[in-house]
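# Observations on chain architecture
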Number of protein chains: 2
Amino acid sequence: MTTNNAYEADMTERRWPGQETGKPGFLRPPSMARPADECRHSPLPPLMPSIHDVAAMAGVSIKTVSRVVNKAPNVSAELRERVTAAIRQLGYRPNQSARRLAGGRSFMIAFLYNNPAPSYNGGIQSGAANRCRDLGYHLVVEPMPLAGEDRFAILDRLVAALRPDGVFLVPPLSDDARLLQRLSELKLPCARIAGSVMAESFNIPTPERAAGRMVADHLIGLGHCRIGVITPPASHKAAMQRVEGFRDGLLAAGLPIDDALFMEGAFDFESGIRAGERLLAEVRRPTAIFATNDDMALGALTVAHRLKLSVPEDLSVVGFDDTPAGLTAWPPLTTVSQPLEAMGSAVIDALAGSSADSPQFTFRLIQRGSSGPAAV
Amino acid sequence: MTTNNAYEADMTERRWPGQETGKPGFLRPPSMARPADECRHSPLPPLMPSIHDVAAMAGVSIKTVSRVVNKAPNVSAELRERVTAAIRQLGYRPNQSARRLAGGRSFMIAFLYNNPAPSYNGGIQSGAANRCRDLGYHLVVEPMPLAGEDRFAILDRLVAALRPDGVFLVPPLSDDARLLQRLSELKLPCARIAGSVMAESFNIPTPERAAGRMVADHLIGLGHCRIGVITPPASHKAAMQRVEGFRDGLLAAGLPIDDALFMEGAFDFESGIRAGERLLAEVRRPTAIFATNDDMALGALTVAHRLKLSVPEDLSVVGFDDTPAGLTAWPPLTTVSQPLEAMGSAVIDALAGSSADSPQFTFRLIQRGSSGPAAV
DNA sequence: GTCCGAAAAGACAACGTTGTCATGCTCTCC
DNA sequence: GGAGAGCATGACAACGTTGTCTTTTCGGAC
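Keep in mind that this is a model prediction, so the values were computed, not measured. (Residues numbered from 1 in each chain as written. Chains lettered and ligands numbered in written order. Predicted model: local features only at pLDDT ≥ 70, side-chain atom pairs only at ≥ 80, totals over all residues. Heavy atoms only, no water.)

### Notes on the side chain of B:His224
Residue and element names in this part refer to chain B. Tracing the backbone shows His224 in the loop between α10 (208–221) and β6 (227–231). Side chain to side chain, His224 and Thr287 meet in a polar contact 2.7 Å long. A distance of 3.2 Å separates the side chain of His224 from the side chain of Ser316, its partner in a polar contact. Beyond its immediate chain neighbours, meaning those up to four positions away, His224 contacts Leu219, Leu255, Thr287, Ala288, Ser316, Gly372, Pro373 and Ala374. (Helix = DSSP H or I, 4+ residues; strand = E, 2+ residues; numbered from the N terminus. Polar contact = N/O pair within 3.5 Å; in protein donor to acceptor, adjacent residues only side chain to side chain. Contact = heavy atoms within 4.5 Å.)

Next comes the structure, spelled out in structure tokens:
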């Protein structure tokens, strides 16, 4: 039911008295929406105490409570003490909607994603959500289409309705120049993970290149000298660095760079199969394959199985991302793991300005059964 | 930095004039938070028009605009037309914070999850987020610990800050009795997927049992009569139904039920390996294994590889969930797929009361290379 | 003692929306 | 033509916070 009418789509259908529809709907109807009110003047403590309740209990003005809550300076120790006690006793929590309305902050951070790898998104999201929790923010998720004008409509609606305090993007969205430009027009603080396109938004860099080098060193160390590479789609700039790093390793080891051994994939299993088939059909068959993500590596592994090649005896395969599928494959996949949760956490820190420096991450090579010494 | 002090933890650190810290933080400082104001009386259309701008342009009161926006009855066609035009021209979008504050609705739905399978969460979340978008809601994600008192604190904070219009849970959270009780105390509309514990909250049932039966029929149809089953942990009530359905199938086919062939797993890869090892060490080795989720099935598959059993010639393996890892395994896993996106979407419909009936889902058996005829 | 400046506390008006009530206006029916 | 019922519209007060400005209080220097 996606409609192009931006206005219509933003409104929720709602039943009005007189419009009888059979099913009542599950959400609390508006009329009973404020249980707090009934409690306000009752002897029982209010269910959802407001700043006024706290102020009354502490015998101060609401402004003083506000100051204490926001850790503003110029509040005497004594009052701060009293207010804090009242807050604790009542279990007061500021109402975010009211804060947003009055103060211009929403305490919402929007997570825009498109990455089809659920474990990648999941890891980042989990780290980000937990850090948000610590900092008093909330994470709103918004899946975005990769292309098309829809994404601008989606973004506009999100921004208009929520006015998030910040937005963050993961690859490949973090290289979507038009999206970044729109975000900058909207003057939304924005942070990206592993972006490579230049943009004014903050970017959290990742050691893609060093990781690519690490894979090269690993395979070369095992004696491989003819190594096929399944490269990312050209749009995936960050992942492209993995290939660069891999080339660095070949150069450093004095190995030749054979363009026939570089096959472009689409970051999915199918394209890994196709690339693997072509690589393994080479007359001088490579003894190892480095795929720039796990899905493609698993495609290569599947081709090896189909061709009855033993892994790692006949062929070593290395992936990238440390997805769950790599762990459960046979043989388990040698791959590179990223500290996803820490990265998600760092993005929130960057947006909230609560971290001291630009974070540094290290990617780790996870050696498992799919890579071994080259056959002699 | 998780602190137990509920009050402290809810507040974001904030820089006040005079407190100089080196890094400015990335979020827009509060003072420049309202760019809309500057535009209000300028000749240019306001960047973020409010209901007042629309009312002024259409020459009506703000209340009338509100009525049009909320599709309330009793507005003349002419005014509705004028207002709609003004809304469109200005690109007006209602401010959710203000709506929440005034109307008692937040247009937020909270998604509580714990399920460690990212593709499961991801699928549900994606369906839910898209449906939210259609209906004008937003999806706030909140990862929850499985046990411990923390989850109540997390829930309380979420509710206090956001007052979400609804909450939804996926397994195994949907069977967390204490959490459900707390939600009901908070009077929060709540919907669950595949819950089996009785609770007053709405539950979206899934055909787990029928799916288990389907797997049994599939394997029995291939000629298997000795089939190992890796069961879910006892806490996963919904998944337990899969085993029931499987038993139904055995009974219907007149096959014996051998308790030695039922091994409890923990829904993860490792436990699948352990259960697989034990099953395949049986003197009369089963010719097929049904694991109640893919991770455990992949564990069994790994054991088969280690024992140099051919799959499916020597052993058929069937999983459940249709995870990406099952697709990329070797051989690709026969499994059961759930319409995750539709389920996520349906939960939102249930919460918003926008669907006519309780939805019915069908699980599909995905036949792939890991299951085949029983050896004679 | 007076005065001054700074610090502490409060009063009050936003913020943008919805709920409630009041006010017309237009029918219909006697 | 007058009463009453309904519809269409608007005025205004919430909602719970924060920003701004004002007032009070408190030290200390003269």
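### Observations concerning the protein's contact with DNA strand C
As a structural note, the neighbourhood of DNA strand C is formed by 29 residues, with A:Thr64, A:Arg67, B:Ile51, B:Lys63 and B:Ala102 the closest of them. Counting only atoms of DNA strand C within 4 Å of the protein, the fraction found in sugar and phosphate groups is 66%. One nitrogen or oxygen atom from the main chain of A:Ala102 is found 3.3 Å from a base oxygen belonging to DNA strand C. The contact in question runs from a phosphate oxygen of DNA strand C to an N or O atom on the side chain of B:Arg99, over 3.0 Å. Of all elements in the fold, only α4 (62–69) and α6 (96–103) of chain A together with α3 (51–58), α4 (62–69) and α6 (96–103) of chain B reach the threshold of two or more residues within the surface near DNA strand C. Among the elements that make up the surface near DNA strand C, the one with the highest residue count is α6(B) (four residues). (Near = heavy atom within 4 Å.)

### A few points about the pattern of salt bridges
It is possible for side chains of opposite charge to pair when their charged atoms get near one another. All names here are of chain A. A complete count under the given rule lists 34 salt bridges over all chains for this structure. One salt bridge in this structure joins Arg368 and Asp322, with 3.1 Å as the shortest N-O distance. Of this pair, Arg368 sits in the segment after β11 (364–366) while Asp322 sits in the loop between β9 (316–318) and α14 (324–328), and the two are 46 residues apart along the sequence. For Asp322, a relative accessible area of 28% gives the class partly exposed. Taken together, the shared-partner salt bridges connect Arg131, Asp134 and Asp349 into one network. (Salt bridge = Lys/Arg side-chain N within 4 Å of Asp/Glu carboxyl O. Buried < 20%, exposed > 50% of the residue type's maximum accessible area, 1.4 Å probe, protein only.)

### Quick notes on the protein's contact with DNA strand D
In the vicinity of DNA strand D there are 28 residues, among which A:Ser66, A:Ala102, B:Thr64, B:Arg67 and B:Ser76 approach most closely. Backbone atoms, meaning sugar plus phosphate, form 64% of the atoms of DNA strand D positioned within 4 Å of the protein. Within the contact set of DNA strand D, a base oxygen lies 3.3 Å away from a backbone nitrogen or oxygen of B:Ala102. At the level of secondary structure, the elements contributing two or more residues to the surface near DNA strand D comprise α3 (51–58), α4 and α6 of chain A together with α4 and α6 of chain B. Element by element, the count of residues in the surface near DNA strand D is highest for α6(A), at four residues. Among the residues forming the surface near DNA strand D, the class breakdown is twelve nonpolar, ten polar and six charged. (Nonpolar A, V, L, I, M, F, W, Y, C, P; charged D, E, K, R; others polar.)

### Quick notes on the nonpolar core
One recurring pattern in soluble globular proteins is that nonpolar side chains are buried together. A:Leu139, A:Phe168, A:Phe246, B:Leu139, B:Phe168 and B:Phe246 are the most contacted members of the largest nonpolar core, which totals 148 residues. Each residue touching A:Phe168, except ones within four places of it in the same chain, is listed here: A:Ile109, A:Ala110, A:Phe111, A:Leu112, A:Ile124, A:Ala128, A:Leu139, A:Ala191, A:Val347, A:Ile348 and A:Leu351. Of all hydrophobic cores here, the second largest spans 43 residues; its members include A:Met48, A:Leu162, A:Val197 and B:Val167. (Core = buried A, V, L, I, M, F, W, Y, C linked by side-chain atoms within 4.5 Å.)

### As for the pairing of strand β3 (residues 166–169) of chain B
Residue and element names in this part refer to chain B. By the alternation rule, side chains of β3 split into Gly166 and Phe168 and Val167 and Leu169, which are all buried. In terms of strand pairing, β3 meets strand β4 (residues 190–193) through three bridges, oriented parallel. Bridging from a neighbouring strand, Phe168 pairs with Ala191 of β4. The parallel pair β3 and β4 is bridged by helix α9 (residues 177–185), and the resulting crossover is right-handed. (Pairing = 2+ DSSP bridges. Right-handed = clockwise from strand over helix to strand, strands pointing away.)

### Examining the sheet that holds strand β9 (residues 316–318) of chain B
Pairing between sheet strands relies on hydrogen bonds along the backbone, with the strands arranged either parallel or antiparallel. Residue and element names in this part refer to chain B. In spatial order, the strands read β7-β6-β8-β9; together these four strands make up an open sheet with parallel pairing. Since the sheet does not close on itself, it has two edges, and those belong to β7 (262–264) and β9, each with one partner. Sheet twist, expressed as the mean angle between neighbouring strand axes with direction ignored, is 15 degrees. In terms of strand pairing, β6 meets β7 through three bridges, oriented parallel. (Axes fitted to C-alpha atoms, helices over the stretch in contact; angles between N-to-C directions.)

### Considering the confidence of the model for chain A
Residues and elements named next belong to chain A. In this model, chain A carries a mean pLDDT of 85, and residues with pLDDT of at least 70 account for 86%. Across residues 1–12, confidence stays below pLDDT 50; counting only partners more than four residues off in sequence or on other chains, it has 31 contacts. The low-confidence segment residues 19–43 (pLDDT under 50) makes 38 contacts with residues lying over four places distant or belonging to another chain. (pLDDT = per-residue confidence, 0-100.)

### Section: the packing of α10(B) against helix α11 (residues 237–252) of chain B
Residues and elements named next belong to chain B. Where α10 meets α11, the axes come as close as 6 Å, and the angle between the chain directions of the two elements is 40 degrees. One finds that α10 runs oblique with respect to α11. Considering the relative orientation of α10 and α11, their crossing is right-handed. Residue-level inspection shows Glu208, Arg209, Gly212, Arg213, Val215, Ala216, Asp217, Leu219 and Ile220 of α10 in contact with α11, the latter providing Ala238, Ala239, Gln241, Arg242, Glu244, Gly245, Phe246, Asp248, Gly249, Leu250 and Ala252. Tallied by class, residues from the contact of α10 with α11 come to nine nonpolar, four polar and seven charged. (Parallel < 35°, antiparallel > 145°, perpendicular 65-115°, else oblique. Left-handed = near helix turned anticlockwise from the far one by under 90°.)

### Here we look at the packing of aromatic side chains
In this structure the tally under the stated criterion is ten aromatic pairs over all chains. Each ring, one from B:Phe107 and one from B:Tyr137, has its centre 6.0 Å from the other, and the planes form 40 degrees; the classification is tilted. Of this pair, B:Phe107 sits in the loop between α6 and β1 (108–113) while B:Tyr137 is found in the loop between α7 (118–135) and β2 (138–143), placing the two residues 30 residues apart along the sequence. Among the aromatic residues, those joined into a cluster by ring pairs are A:Phe111, A:Tyr113 and A:Phe168. Of note, B:Arg242 hangs over the ring of B:Phe320, and the distance from its end group to the ring centre comes to 3.8 Å. A cation sits over an aromatic face here: B:Arg247 above B:Phe262, 4.5 Å from the ring centre. (Phe/Tyr/Trp six-rings, centres within 6.5 Å; stacked < 30°, edge-to-face > 60°. Lys NZ or Arg CZ within 6 Å of the ring centre and 35° of its normal.)

### Describing the sheet that holds β9(A)
Residues and elements named next belong to chain A. Taken in spatial order, the four strands line up as β7-β6-β8-β9 in an open sheet, and their pairing is parallel. Edge positions in the sheet fall to β7 (262–264) and β9, since each has one partner strand and no second. Direction aside, the axes of adjacent strands within the sheet are offset by 15 degrees on average. As defined by bridge partners, strand β8 (residues 288–291) adjoins β9 across three bridges and the pair is classed as parallel. Its bridge partner being in β9, Phe290 is matched across the sheet by Val318.

### A word on α11(B)
All names here are of chain B. Between its terminal C-alpha atoms α11 stretches 23 Å, which fits the 22 Å expected from 16 residues at 1.5 Å a residue. Inspection of α11 places Ala238, Ala239, Arg242, Val243, Gly245, Phe246, Gly249 and Leu250 among the buried residues, and these make up the whole buried set. Looking at the buried residues of α11, the elements they touch are α10, β6, β7 and β8 (288–291). In the stretch just after α11, Gly254 is the one whose phi turns positive, near 75 degrees. (Expected span 1.5 Å × (residues − 1).)

### Describing the packing of helix α12 (residues 269–280) of chain B against helix α13 (residues 294–306) of chain B
Residues and elements named next belong to chain B. Where α12 meets α13, the axes come as close as 7 Å, and the angle between the chain directions of the two elements is 50 degrees. Judged by the angle between their axes, α12 and α13 are oblique. Note on packing geometry: the crossing formed by α12 with α13 is right-handed. Contacts between α12 and α13 involve Phe269, Ser271, Gly272, Ile273, Gly276, Glu277 and Leu280 from the first element and Asp295, Met296, Leu298, Gly299, Ala300, Thr302, Val303, Ala304 and Arg306 from the second. Residues of the contact of α12 with α13, tallied by class, amount to eight nonpolar, five polar and three charged.

### Here's the deal with helix α7 (residues 118–135) of chain A
Residue and element names in this part refer to chain A. Taking 1.5 Å of rise per residue, the 18 residues of α7 would be expected to cover 26 Å, and the 25 Å separating its terminal C-alpha atoms lies within 8% of that figure. Judged by how many residues are buried, α7 sits mostly within the fold: 15 of 18 residues are covered. With its phi angle positive at about 85 degrees, Gly136 sits one or two positions after the end of α7.

### Looking at the environment of A:Ala160
Following the sequence through the fold, A:Ala160 ends up in helix α8 (residues 150–162). Accessibility expressed as a relative area gives 7% for A:Ala160, which makes it buried. When the C-alpha atoms of A:Ala160 and A:Leu186 are compared, they prove to be 9.9 Å apart, with 26 residues separating the residues in sequence. What A:Ala160 contacts, discounting residues up to four positions off in sequence, is B:Met48, B:Arg93, B:Pro94 and B:Asn95.

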